[in-house]
Amino acid sequence: SMEAGPLSPLSSPPRLVLTQDELKKIAAYKAVEFVKSGMVIGLGTGSTAKHAVDRIADLLHQGKLKNIIGIPTSKKTHQQALSLGIPLSDLNSHPNVDLAIDGADEVDSDLNLVKGRGGSLLREKMIESACTKFVVIVDESKLVSHIGANGAMPVEVVPFCWKFSQERLQQLFYYSGCMAKLRSNGGENGEPFVTDNGNYIVDLFFKKDIGDLRAASDAILRLPGVVEHGMFLGMATTVIVAGELGVTVKNK
Ligand code: 5RP
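Residues numbered from 1 in each chain as written. Predicted model: local features only at pLDDT ≥ 70, side-chain atom pairs only at ≥ 80, totals over all residues. Heavy atoms only, no water.

Peer 1: Mind showing me how you'd approach unusual backbone geometry here?
Peer 2: Most peptide bonds adopt trans geometry, and most residues besides glycine take a negative phi value. Its identity is not glycine, yet asparagine 67 carries a phi of approximately 55 degrees, on the positive side. By the secondary structure assignment, asparagine 67 is in the loop between helix 2 (49-61) and strand 2 (69-72). (Helix = DSSP H or I, 4+ residues; strand = E, 2+ residues; numbered from the N terminus.)

Set out below in structure tokens:
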């Protein structure tokens, strides 16, 4: 619960300060209230979604949820869910997903998202396009005035000619002051980051608002070598935001 402690008239009121990770957990637990027995559940990726997967496993082991099938959005989440004993499948066997729960890097006021700073955007987009209900879980730091305001917009590209994709992407958004950078794996030799699908990621950084998001999405997807991008437009059915003052549930 989000209740503050008792107020003393003699001292300044105690402030209940939650860490960012506690806020993520609050949002995740709230989302898992939507999970019912018998559902096929898309399991998200990242530090917020991780709490939801933990919670689903707890409820399964307590017998409060039964006959759940999880569809992981990444190899990492697959490993986590497997180690927790959640029954798993994939989109080929279960093309209709009842509910997906996942984090996001940015959320705008129309519930459009940026995802993929963790690198799992392609599987996330496939699974989250295939679900009836898509619940996004974030702490309030993810809320933005417009998409691209707060960091990278990732684009997954075929390695064969990543430079071509990088140059074409940067040109495409020239008037938005776009910088396109190949994501590195963080190692000393600066090797590229490789996705679960064996592709690379080009991160787009914008100096200005990119404007029409649908047009931007279409233009990116038309470039040869682009596999998918991290804008999730009109996909979220619910966004759960945990902040210092409580939890807000926004519906489409
Ligand atoms: C991974 C994602 C994640 O959902 C996104 O990066 C948010 O991660 P976190 O919950 O750790 O902030 O899209 O591809």
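Read on, since the account is not over.
Peer 1: Would you mind showing me how to read the site of the ligand here?
Peer 2: Inspection of the region around the ligand gives 18 residues, with Ser47, Thr48, Asp105, Gly116 and Lys142 positioned closest. At 3.4 Å from an oxygen atom of the ligand is found a main-chain nitrogen or oxygen belonging to glycine 103. Here glycine 119 contributes a backbone N or O atom positioned 3.5 Å from an oxygen atom of the ligand. About the coverage of the ligand: the protein hides 90% of its 370 Å² of free accessible area. A per-class count over the shell around the ligand returns two nonpolar, nine polar and seven charged. (Near = heavy atom within 4 Å. Polar contact = N/O pair within 3.5 Å; in protein donor to acceptor, adjacent residues only side chain to side chain. Areas by Shrake-Rupley, 256 points an atom, 1.4 Å probe, with all protein chains shown as cover. Nonpolar A, V, L, I, M, F, W, Y, C, P; charged D, E, K, R; others polar.)

Peer 1: Is there a simple way to explain the pairing of strand 1 (residues 40-43) in this structure?
Peer 2: Where burial is concerned, the two faces of strand 1 agree: the one with Val40 and Gly42 and the one with Ile41 and Leu43 are both buried. Where strand 1 lies against strand 2, four bridges are found, and the strand directions are parallel. Bridging across to strand 2, isoleucine 41 finds its partner in glycine 70. Handedness of the crossover joining strand 1 and strand 2 through helix 2 is recorded here as right-handed. Here strand 1 runs beside strand 3 (residues 97-102); their pairing, made up of three bridges, is parallel. If you follow glycine 42 over to strand 3, its bridge partner there is alanine 100. (Buried < 20%, exposed > 50% of the residue type's maximum accessible area, 1.4 Å probe, protein only. Pairing = 2+ DSSP bridges. Right-handed = clockwise from strand over helix to strand, strands pointing away.)

Peer 1: Quick question: what am I supposed to make of the sheet that holds strand 8 (residues 179-182) here?
Peer 2: Strand pairs in the sheet, formed through backbone hydrogen bonds, run parallel or antiparallel to each other. Read from one edge of the open sheet, four strands run 8-9-7-10, paired in antiparallel fashion. Two strands lie at the open edges of the sheet, namely strand 8 and strand 10 (226-229), each paired on one side alone. Pairs of neighbouring strands in the sheet enclose a mean axial angle of 25 degrees, with direction left out of account. Where helix 6 (residues 213-222) meets the sheet, its contacts fall on strand 7 (153-157) and strand 10, and the angle it forms with strand 10 comes to roughly 155 degrees. (Axes fitted to C-alpha atoms, helices over the stretch in contact; angles between N-to-C directions. Contact = heavy atoms within 4.5 Å.)

Peer 1: Would you explain the nonpolar core in this entry?
Peer 2: Looking at soluble globular proteins, one finds that nonpolar side chains tend to be buried together. Counting 26 residues, the largest nonpolar core has Val35, Ile41, Ile56, Ile68, Ile101 and Ile137 as the members making the most contacts within it. Only helix 1 (20-32), strand 1, helix 2, strand 3, strand 6 (131-139) and strand 12 (238-243) provide two or more residues apiece to this core. Not counting chain neighbours up to four residues away, the residues in contact with isoleucine 41 comprise Val35, Ile56, Ile68, Ile69, Gly70, Ile71, Val97 and Leu99. (Core = buried A, V, L, I, M, F, W, Y, C linked by side-chain atoms within 4.5 Å.)

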